Amino acid sequence: MEHIIAELSRYIIVILFALYTFYCFRAFARKTEEGKDRVFYIQRVIILVFHLICSVVLILSHLDDMWKYALLYFLELVFFLFFIKIYQVFYKGLSKLVLNNMMACMMVGFVMLGRLQYNLAIRQLVMASAAMGICLLVPLFIERFTIWEKLGWQYALVGILLLLLVFVIGVDHNGSKNWISIAGIELQPSEFVKILYVFFIAGLLSKTTEFKHIVLITAVAGVHVVILVAEKDLGAALIYFITYLVVLYVATMQVGYLAAGLLAGTGAAVGAYHLFTHVQTRVAAWQDPWADIHVKGYQISQSLFAICTGGFFGMGLGQGIPDTTPVAESDFIFAAISEELGVVFSVCLILVYISSYIMFVNIAMKMKKRFYKLTAFGLSVVFIFQVFLCIGGVIKFIPSTGVTLPLISYGGSSIITTIIIFSIIQGMYVMNGREEAMKIEREEEQDGRRDVRKRRKG
């Protein structure tokens, strides 16, 4: 019976998510606000139906603990409905597509984590709720405090100190010492610092792009990257490096800086390969995982097996064996999704991420202040490049770098940081919308005054 339900539901799940993805891009074609609102409403209904079907499958596949999974469904449903409503109160005039995509990805994450391990789903839900609650205050901070663009070096100082903290109270995870433990709670400083890092480079590059100034900023940005390499956090180091290059290019529009950065990055990658054995191990596993399938290539080979086993429509939720892939709940959750929900679902998920990135770039382009524009561009690169590194490593397109899939992978630091990134960009969108509305009101008032004067003269 369970197998029949899973078999039927897997097609419905894929079709629903494909429809959701279609409406992500359909929203761009809608010209009127009424048309867009209709699309966004349909998206939310699709998310709710998708979540309901997945939850029913999980409940029926865990009859001994069905009350636990029924409770999990109820809590996730409350989370979705509450924050969809309250978020729009605090972010008046927000981008509904960005909000829908954020919630959709989190619901996919809740479903997969509930499938893998009940406790992980509960913890993720708690951390996401706390992050969403905190981020309700973001619009207030963006609008009422103008100090953010005046700072620059302060962001860098705080960020570097936080990164160095792992050498004092750091905890080793999977060969990388990039975690700290405070009162039993483990956090990854590099996740939070990347937001400060973007503020740092955006704040300084928005003031001037003189060569001497750029050299100094580049040196300090390089310190961030070197510290991360020393921590063996290669994924974060790459994100920081690429983000700086993109923001620098956007700020200066000088192809020479971009070319020099890529050349320097290539040289640094070659040097890291010869200096660090763990880099050599990951490259060897990427080149030929079958040569040492039981040790070095075990993780990536299991990931590829899982993706191939799932096929186009997956084996069905709860019907696969994702536990055979190491860290399937975090770094390799994309393999678990592909195995049970299918390659079509996975491709749609990538497209949802891309639609979010497109919206981020659109928001950045509309920002009037240079600081906010560069910040939005930087945060968008942080987001999409992390998606690329995670999925690229899982499918063997690039060597695995050990980064999580935003909003879906298990991890408090990761989901909190990504929610903050979404909220900051939403806050900028709201602020820009209000400025545009005020500008239109002023123009209308001026036009009205001109009409009155003309009538008096007439």
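Everything quoted here is computed from the prediction, not taken from an experiment.

1. Some details on the overall build of the protein
Helix and strand counts for the protein stand at 18 helices and three strands. Over its C-alpha trace the protein gives a radius of gyration of 23 Å, about what one expects of a compact globule, namely 23 Å for 458 residues. By its C-alpha atoms, the protein is 85 × 55 × 40 Å across when sized along the principal axes. Taken over 458 residues, the protein has a buried fraction of 49%. Pairs at least 24 residues apart make up 73% of the contacts formed inside the protein by residues separated by at least 6 positions. Taken as a whole, the protein presents about 21,100 Å² of accessible surface, with 67% of it coming from carbon and sulfur. Across the protein, the mean location of the 38 positive side-chain charges is 12 Å away from that of the 31 negative side-chain charges.

2. Description of the environment of Ala260
Within the element layout of this structure, Ala260 appears in helix α12 (residues 255-275). Between the C-alpha atom of Ala260 and that of Gly318, which follows or precedes it by 58 residues, the distance is 49 Å.

3. Examining the pattern of salt bridges
This structure, assessed with the given rule, holds three salt bridges. Between Arg115 and Glu340 there is a salt bridge, with its nearest N and O atoms 2.9 Å apart. Taken together, the residues Arg115 in helix α4 (residues 96-116) and Glu340 in helix α15 (residues 333-341) connect sequence positions 225 residues apart. Comparing Arg115 with Glu340 shows no difference in burial state: the two are buried. Glu191 is the salt-bridge partner of Lys194, the closest N and O atoms lying 2.9 Å from each other. Within this pair, Lys194 and its partner Glu191 are both found in helix α9 (residues 189-205), separated by three residues, close to a single helical turn.

4. Observations regarding the packing of α12 against helix α13 (residues 277-287)
Contact geometry for α12 and α13: axes closest at 5 Å, N-to-C directions at 105 degrees. Comparing the axis directions of α12 and α13 gives the class roughly perpendicular. Across the interface between the two elements, Ala272, Tyr273, His274 and Leu275 from α12 touch Thr277, Val279, Gln280 and Val283 from α13.

5. As for the packing of aromatic side chains
Centre-to-centre distance and the angle between the planes together describe a pair of aromatic rings. Overall, the coordinates contain 25 aromatic pairs when judged by the stated rule. With 4.6 Å between their ring centres and 35 degrees between their planes, Tyr197 and Tyr240 make a pair best called tilted. Here the residue Tyr197 occupies a position in helix α9, and Tyr240 occupies one in helix α11 (residues 234-252), the gap between them amounting to 43 residues. Here the guanidinium or amino end of Lys68 rests over the ring plane of Tyr118, the centre of that ring lying 4.6 Å away.

6. Overview of unusual backbone geometry
Unlike most non-glycine residues, Val327 shows phi in positive territory, near 45 degrees. Mapping Val327 onto the fold places it in the loop between α14 (298-310) and α15. The backbone phi angle of Lys396 is positive, close to 70 degrees, even though this residue is not glycine. Its place among the elements puts Lys396 in the loop between α17 (370-394) and α18 (412-457).

7. Some remarks on the packing of α11 against α12
The interhelical angle for the contact between α11 and α12, taken along N-to-C directions, is 165 degrees, at an axis separation of 8 Å. Accordingly, the angle class assigned to the pair α11 and α12 is roughly antiparallel. Pair α11 / α12 crosses with right-handed handedness. Counted together, Phe241, Leu245, Leu248, Tyr249 and Thr252 of α11 and Val255, Tyr257, Leu258, Gly261, Leu262 and Gly265 of α12 form the full contact between these two elements. Residues that form the contact of α11 with α12 fall into these classes: eight nonpolar, three polar and no charged.

8. Considering the nonpolar core
Within soluble globular proteins, side chains that are nonpolar tend to cluster in buried spots. Ranked by size, the top nonpolar core spans 135 residues in total, and within it Met106 and Phe200 carry the most contacts. The dominant element in this core, judged by the number of residues it contributes, is α17, at 15 residues. Those residues in contact with Met106 that sit more than four places away from it in its chain are Phe79, Ala128, Met132, Leu407, Ile415 and Ile419.

9. Side note on the confidence of the model for the protein
Mean pLDDT for the protein: 89, with 93% of residues reaching 70 or above. Least confident of the elements in the protein is strand β1 (residues 170-173), whose mean pLDDT is 68; most confident is α4, at 96.

10. Focus: α12
The terminal C-alpha atoms of α12 lie 30 Å apart, and with 21 residues this matches the ideal 30 Å at 1.5 Å per residue to within 8%. Along α12, the residues classified as buried are Gly261, Gly265 and Ala272. Buried residues of α12, viewed axially, fall in a sector of 40 degrees; they line one side. Of the exposed residues in α12, those oriented more than 90 degrees away from the buried face are Val255, Leu263 and His274. In this fold, the buried residues of α12 make contact with α11 and α13.

The rules behind the values
- Residues numbered from 1 in each chain as written.
- Predicted model: local features only at pLDDT ≥ 70, side-chain atom pairs only at ≥ 80, totals over all residues.
- Heavy atoms only, no water.
- Helix = DSSP H or I, 4+ residues; strand = E, 2+ residues; numbered from the N terminus.
- Rg over C-alpha atoms; globule rule 2.2 N^0.38 Å.
- Buried < 20%, exposed > 50% of the residue type's maximum accessible area, 1.4 Å probe, protein only.
- Contact = heavy atoms within 4.5 Å.
- Areas by Shrake-Rupley, 256 points an atom, 1.4 Å probe, with all protein chains shown as cover.
- Lys, Arg positive; Asp, Glu negative; His and termini not counted.
- Charge placed at Lys NZ, Arg CZ, Asp CG, Glu CD.
- Salt bridge = Lys/Arg side-chain N within 4 Å of Asp/Glu carboxyl O.
- Axes fitted to C-alpha atoms, helices over the stretch in contact; angles between N-to-C directions.
- Parallel < 35°, antiparallel > 145°, perpendicular 65-115°, else oblique.
- Phe/Tyr/Trp six-rings, centres within 6.5 Å; stacked < 30°, edge-to-face > 60°.
- Lys NZ or Arg CZ within 6 Å of the ring centre and 35° of its normal.
- Left-handed = near helix turned anticlockwise from the far one by under 90°.
- Nonpolar A, V, L, I, M, F, W, Y, C, P; charged D, E, K, R; others polar.
- Core = buried A, V, L, I, M, F, W, Y, C linked by side-chain atoms within 4.5 Å.
- pLDDT = per-residue confidence, 0-100.
- Expected span 1.5 Å × (residues − 1).
- Arc of directions from axis to C-beta.

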